[in-house]
Amino acid sequence: MRKRLPSTQALQAFEAAARHESFTRAGQELSLTQGAICRQVAGLEALVGVPLFERVRRGVRLTDAGERYSRLVRRQLDAIERDTQAVMAHQSGGVLELAVVPTFATRWLLPRLTALHAERPGLQINMATRTRPFLFEDTEFDAAIHSGDPRWPGTQAYFLLRENPVPVCSPRLAAGPLDAAGIAALPLLQQSTRPTAWRDWFASAGIAAPAALAGMRLELFSMLAQAAGDGLGVALIPPFLIRRELARGELTVLNPHSGPGQRAFHLIVPERKAASPALAHFRDWLVTQAQDDAGGRDGAPRGASRKAGVPA
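Residues numbered from 1 in each chain as written. Predicted model: local features only at pLDDT ≥ 70, side-chain atom pairs only at ≥ 80, totals over all residues. Heavy atoms only, no water.

## As for the sheet that holds strand β4 (residues 124-129)
Thinking step 1. Taking strand neighbours across the sheet as the criterion, the five strands line up as β4-β3-β5-β12-β6 in an open arrangement whose pairing is mixed. Bordering the open sheet on either side are β4 and β6 (155-162), each of which pairs with just one other strand. Ignoring strand direction, the axes of neighbouring strands in this sheet form an average angle of 25°.
Thinking step 2. Bridging between strand β3 (residues 95-100) and strand β5 (residues 143-147) involves two bridges; their strand directions are parallel. In the sheet register, L98 faces β5, and the bridge partner there is A143.
Thinking step 3. The strands touched by helix α11 (residues 277-294) within the sheet are β3, β4, β5, β6 and β12 (264-270), with β6 carrying the most contacts at an inclination of about 25°. (Pairing = 2+ DSSP bridges. Helix = DSSP H or I, 4+ residues; strand = E, 2+ residues; numbered from the N terminus. Axes fitted to C-alpha atoms, helices over the stretch in contact; angles between N-to-C directions. Contact = heavy atoms within 4.5 Å.)

In structure tokens:
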């Protein structure tokens, strides 16, 4: 059954007329006559069955229905333009759409992209935030960087870095080094995505901390770093995400113990895209960067690929 869809030309004419509230100015923008704009809008009104403009003394004015419809049309036309530009850019195979966890992207990946661009100038990495697993078939992403279970359906996972978070705080709060009992006496900053992190850390250090689950809750490592730097408490953060703060003395490590069973960052690649030359180049570069950063200290397998199952 044929769908009742307006023409793109009619939508463009309506959107321009709605934005200017003038058929004349819309025609000037689109290189059409005022009469052509009128005909396009009239045809659109006939299709939707409601008036989109009302004629007033000095021109036209959107009706309530026209106001609502113009917002929807503008959004869809913008989306079509973005999608068209993306397809044009992807023709060269030099654009990757990457889903990322935010702090890892801003603190670790972005500072390294200058080196990647010098190595492969034509490769463009676009990023958008995703903190939870998803199905690649429902998105336009070519790959994802994820912290947590890497067993996603129909994917290969490449190990990058283990989190290994350690207790850090502002030197104004505590000078350190401190043992676990000393840290337990300080205000703790909790990460909402890792709600038992402090309890597990104290347990691995061999002490009972009654207030291990208490304290301000924040979602991202970047939020924890800011709060800890402001003296609000002690946070468990991977050192490689706060190198600048540690180097500037804004944060200090109170205890080098990181505890067992920590999460790891992986590059997740859908199997159907694994053979893409641009993606393969990025994968190899990213794994090498992570290997160099870790220096082999955590003993994890490097660049290990595996078929992923359903996330636990």
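## Quick look at the packing of helix α1 (residues 8-20) against helix α3 (residues 34-48)
Thinking step 1. Across the interface, α1 lies against α3 with an axial gap of 9 Å and an inter-helix angle of 105°. Judged on the interaxial angle alone, α3 and α1 are roughly perpendicular. Where α1 approaches α3, its residues Q9, A10, L11, A13, F14 and A17 are matched on the opposing element by I37, Q40, V41 and L44.
Thinking step 2. Of the residues in the contact of α1 with α3, the class split is eight nonpolar, two polar and no charged. (Parallel < 35°, antiparallel > 145°, perpendicular 65-115°, else oblique. Nonpolar A, V, L, I, M, F, W, Y, C, P; charged D, E, K, R; others polar.)

## Concerning the UniProt feature "domain: HTH lysR-type" (unreviewed entry) in the protein
Thinking step 1. Feature annotation in UniProt places "domain: HTH lysR-type" (unreviewed entry) on residues 6-63, given in this structure's numbering.
Thinking step 2. Helix makes up 62% of residues 6-63 and strand 14%, and the two end C-alpha atoms of the span are 19 Å apart. (UniProt positions renumbered as here; feature names shortened; annotations may be inferred.)

## With respect to the pattern of salt bridges
Thinking step 1. Under the defined criterion, the tally for this structure stands at 13 salt bridges.
Thinking step 2. Residues R19 and E15 are paired through a salt bridge, measuring 2.8 Å at the closest nitrogen-oxygen approach. On the criterion of helical spacing, the pair formed by R19 and E15 is a turn pair, its members being four residues apart in helix α1.
Thinking step 3. For E15, a relative accessible area of 11% gives the class buried. (Salt bridge = Lys/Arg side-chain N within 4 Å of Asp/Glu carboxyl O. Buried < 20%, exposed > 50% of the residue type's maximum accessible area, 1.4 Å probe, protein only.)

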